[in-house]
Amino acid sequence: MGCYLRAMQVPGVLSEHERMRREARRQLEAMGIDPYPPGDFEVTHHSADIISALTQDEHAFSGVRVSVAGRIMARRIMGGASFCTLQDAKGRIQIYLKRDDLSHDGDSSLYEVVWKKLLDLGDIIGVQGYVFRTRTGEISIHALSIRLLCKALRPLPVVKEKEGHVYDAVTDPEFRYRQRYVDLIINADSRRVFIQRAQIIQSIRSFLLQRGYLEVETPVLQPVYGGALARPFVTHHNALDMKLYLRIADELYLKRLIVGGLDGVFEFAKDFRNEGIDRYHNPEFTMLELYVAYKDYFWMMDLVEEMLEQVVRELHGTTCITVGGRQIDFRRPWPRISLLEAIAQHTGLQVATMSDAQLRQVAKERGVAVDPSAGRGKIIDELFSMFCEPHLIHPTFIVDYPVEMSPLARRHRHHPELVERFEVICNGKELCNAFSELNDPLDQRKRFEEQLELGRRGDPEAMQLDEDYLRALEYGMPPTAGVGIGIDRLVMLLTNAPSIQDVILFPHLRPERH
RNA sequence: GUCUCCGUAGCUCAGCUGGUAGAGCAGCUGACUCUUAAUCAGCGGGUCACAGGUUCGAAUCCUGUCGGGGACACCA
């Protein structure tokens, strides 16, 4: 690590490899070859398409000239003939090059000098030729011409592979995250994860669009942050000379749109929370929020179930996937169990009938760290996450939460101390959070005021009172169901990625130099 | 933020209880016109993360700093 940093810090200090490649570049230029030509090389085919087409029909390419472009990943030079592994966006294909085929009028310099001496692993070339099978049966392209499309000045880590076994794979997480561009070149699994991430998001988007919901964009820079309990990033607008916050959620804006009569809105929102970083948390992350008018949380449970089942099926072709060695089945219906029942099941405690003091006492006895300022809801939540969550592997709805934990949720229609809220727990982790939205402006004001009181008592995550949001509610918001799904967490689950850094292209890291 | 482990050539890693660095791949030179972790012969490449300290002598021991992983705490 240290050494490539050094090379980056001090441009004059180049490794032997880098000096070689710069010299090769110079020589190419001296030969009249542009090491960075314009993008006018016509690509007619991609590696994987050629291979699948020929596999289906052995004569698919008879009489066909193909042009492919990609990065040189391996070279095997045997005097007057060479093999090269070329990697493009869809995969890899072998190229066969012969001196005789690349020479014209007795000039073999393209093969002897350019190919053998001046091109390197990592360079990007275009190849024109015809498709054939080698004696051992590997589908290859017999090159009739090659062209340098981009000279690489840094050596690529060399990863070799035989019969599925990968040798010298680059596993250093710091290298992979800082230089994701290299990770993507050399780690097929990393490419796979990000392609699947895109598929998952696309799958959700089509599901929602198909139901007629409107995809919208709401402010990232907010004068009042809200919609979640979290610490925000603070920034400053110079021209307006005012404090702005990077959003921690887009909930309050989406619900304003419900007031506005849009009835069904969603947004894939980048949210920002000023908190610790670990394998489940990145300071900026993606959250899907969806709000639908004239619906409640029961309806939303059905929708979430259906949507996620379909997403998993579209991605994997089955509802049953393996995560960290465990089987998880997303097939509907998922169990629905109330928060208090779940606690009773896993701890034997009937917390509903306990006084605050009793609750505090049993929590202490069970080893739950209880902050003296923590309210009843917080203790219950803590009990749940300690004793229940880890046991919930298959997707499970946990429903009906204490009111003080959910200042934006509608009170339960039968139990005023609860709200109509559910979370989906899967693989021991929260996957989404949803509720029947609170649309009573007076109750909402009271809940905000309770949050303000928490804030005064020092809770840095307490909500701010959003006057404009209250004004919107006073105009009337229809009964509405809303849900938030942590997309990064969902992608981790569905791609079997152990760290959030593996599903975010450029995860946050400390600067390389201070 | 706390605890813990880690940082040696472009990459993957050796380097035992201190005697100032080694392998494979990659690179360079040469041979080889169906190879596929190509092969064969030869060669080069390192402020051992950084800064102090202990010592005759430090990649190795100690302290600190930087960066990373993991766990805990807060959260999604």
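Participant: How should I be thinking about helix 8 (residues 188–210) in this particular structure?
Facilitator: Owing to its 3.6 residues per turn, the α-helix brings residues three or four apart onto one side. The end-to-end C-alpha distance of helix 8, which contains 23 residues, comes to 32 Å, matching closely the 33 Å that a straight helix rising 1.5 Å per residue would cover. The set of residues buried in helix 8 consists of S190, V193, F194, Q196, R197, I200, I201, S203, I204, F207 and L208. Looking at the buried residues of helix 8, the elements they touch are helix 6 (173–178), helix 7 (180–186), strand 12 (264–272), strand 13 (284–293), helix 10 (297–316) and helix 16 (487–495). Phi turns positive one or two residues past the end of helix 8, at G212, with a value near 90°.

Participant: Explain the protein's contact with RNA strand B here, please?
Facilitator: The local shell around RNA strand B holds 60 residues, among which D100, T136, E174, H281 and R489 are the closest. One of the backbone N or O atoms of G80 is found 3.3 Å from a phosphate oxygen in RNA strand B. At 3.2 Å, a side-chain N or O of K378 approaches a phosphate oxygen of RNA strand B. Going through the elements one at a time, helix 1 (2–9), helix 2 (16–30), strand 1 (65–78), strand 2 (81–88), strand 3 (91–98), helix 4 (99–102), strand 6 (160–162) and helix 6 are the ones with two or more residues in the surface near RNA strand B. Counting residues per element, the surface near RNA strand B draws most heavily on helix 6, at 4 residues. Class assignment of the residues belonging to the surface near RNA strand B gives a composition of 23 nonpolar, 11 polar and 26 charged.

Participant: Whenever I open this one, the side chain of T134 confuses me. Can you help?
Facilitator: Inspection of the secondary structure assignment puts T134 in the loop between strand 4 (124–133) and strand 5 (139–150). In contact with T134, not counting residues within four places along its chain, are F83, Q94 and S140.

Participant: Teacher, can you tell me more about the packing of aromatic side chains here?
Facilitator: To describe a pair of aromatic rings, one takes the distance between the centres and the angle between the planes. Scanning the entire structure with this criterion turns up 10 aromatic pairs. An angle of 50° between the planes, with centres 4.5 Å apart, marks the rings of Y297 and F298 as tilted. By relative accessible area, Y297 is classed as buried at 1%. By relative accessible area, F298 is classed as partly exposed at 40%. Three or more aromatic residues joined by ring pairs make a cluster, and in this case those are F83, Y96, Y130 and F132. Looking at R75, its charged tip hangs above the ring of W115, at a distance of 4.9 Å from the centre. Taking the ring centre of Y401 as reference, the NZ or CZ of R421 above it sits at 4.4 Å.

Participant: Would you mind going over the sheet that holds strand 11 (residues 242–246) with me for this structure?
Facilitator: Working definition: the strands of a sheet are paired by backbone hydrogen bonds and lie parallel or antiparallel to each other. The 3 strands are arranged 9-11-10 in an open sheet whose pairing can be described as antiparallel. For this open sheet the edge positions go to strand 9 (221–222) and strand 10 (234–237), each flanked by a neighbour on one side alone. For strand 9 and strand 11, the ladder comprises 2 bridges, and the chain directions are antiparallel. From the neighbouring strand, L221 faces strand 11, where its bridge partner is L246.

Participant: For this particular structure, what's the right way to read empty space enclosed by the protein?
Facilitator: A probe matching the size of a water molecule, rolled over the atoms, marks out where space remains unfilled. All told, the structure shown has 1 cavity of 30 Å³ or more when counted by the stated rule. One number sums up the size of the largest cavity: a volume of about 90 Å³. In this structure, the largest cavity is lined by M73, R92, L121, L156, P157, V158, V159 and I186. Among the residues forming the lining of the largest cavity, the class breakdown is 7 nonpolar, no polar and 1 charged.

Participant: What exactly am I supposed to notice about unusual backbone geometry here?
Facilitator: Leave glycine aside and you will find that most residues have negative phi; peptide bonds, for their part, are mostly trans. Residue R332 is joined to P333 through a cis peptide bond whose omega torsion reads -15°. Mapped onto the secondary structure, P333 falls in the loop between strand 15 (326–329) and strand 16 (336–338). In this structure, D168 is a non-glycine residue whose phi angle is positive, near 55°. Topologically, D168 is positioned in the loop between strand 7 (165–167) and helix 6. When its relative accessible area of 64% is taken as the criterion, D168 is described as exposed. One non-glycine residue, N427, lies in positive phi territory at about 55°.

Participant: What exactly am I supposed to notice about helix 16 here?
Facilitator: With 8 of 9 residues buried, helix 16 is to be regarded as a mostly interior element. Residues I487, D488, L490, V491, M492, L493, L494 and T495 constitute the buried set of helix 16. Two residues or fewer after helix 16 comes N496, characterised by a positive phi angle close to 60°.

Participant: How do you make sense of the nonpolar core when you look at a structure like this?
Facilitator: A general feature of soluble globular proteins is that nonpolar side chains tend to end up buried together. Within the largest apolar cluster, 49 residues are counted, with the highest numbers of intra-cluster contacts made by I204, V304 and F422. By residue number, the principal contributor to this core is helix 10, which donates 10 residues. Apart from the residues lying within four places of it in its own chain, the contact partners of V304 are W334, F397, F422, V424, C432 and V483. Judged by nonpolar contacts, the second largest core, of 41 residues, contains L252, V265, A342 and A363.

Participant: Please clarify how the pattern of salt bridges should be interpreted in this entry.
Facilitator: Two side chains carrying opposite charge are able to pair once their charged atoms lie near each other. Tallied over the entire structure, the rule returns 42 salt bridges. For R176, the salt bridge identified is with D502, shortest N-O distance 3.6 Å. Of the two residues, R176 sits in helix 6 while D502 sits in the segment after helix 16, which places them 326 residues apart along the sequence. Residue classification places R176 among the buried positions, given a relative accessible area of 16%. Ionic pairing is found between E215 and R205, a salt bridge with its closest N-O pair at 2.7 Å. Here R205 lies in helix 8 and E215 lies in strand 8 (residues 214–215), a separation of 10 residues in the sequence. Judged by relative accessible area, E215 falls into the partly exposed class, the value being 33%.

About the cut-offs
- Residues numbered from 1 in each chain as written.
- Chains lettered and ligands numbered in written order.
- Predicted model: local features only at pLDDT ≥ 70, side-chain atom pairs only at ≥ 80, totals over all residues.
- Heavy atoms only, no water.
- Helix = DSSP H or I, 4+ residues; strand = E, 2+ residues; numbered from the N terminus.
- Expected span 1.5 Å × (residues − 1).
- Buried < 20%, exposed > 50% of the residue type's maximum accessible area, 1.4 Å probe, protein only.
- Contact = heavy atoms within 4.5 Å.
- Near = heavy atom within 4 Å.
- Polar contact = N/O pair within 3.5 Å; in protein donor to acceptor, adjacent residues only side chain to side chain.
- Nonpolar A, V, L, I, M, F, W, Y, C, P; charged D, E, K, R; others polar.
- Phe/Tyr/Trp six-rings, centres within 6.5 Å; stacked < 30°, edge-to-face > 60°.
- Lys NZ or Arg CZ within 6 Å of the ring centre and 35° of its normal.
- Pairing = 2+ DSSP bridges.
- 1 Å grid on protein atoms, 1.4 Å probe; cavity = no way out; pocket = protein on both sides within 12 Å on 5 of 7 lines; lining within 4 Å.
- Points joined across faces, edges and corners; volume = space filled by probe spheres on them.
- Core = buried A, V, L, I, M, F, W, Y, C linked by side-chain atoms within 4.5 Å.
- Salt bridge = Lys/Arg side-chain N within 4 Å of Asp/Glu carboxyl O.

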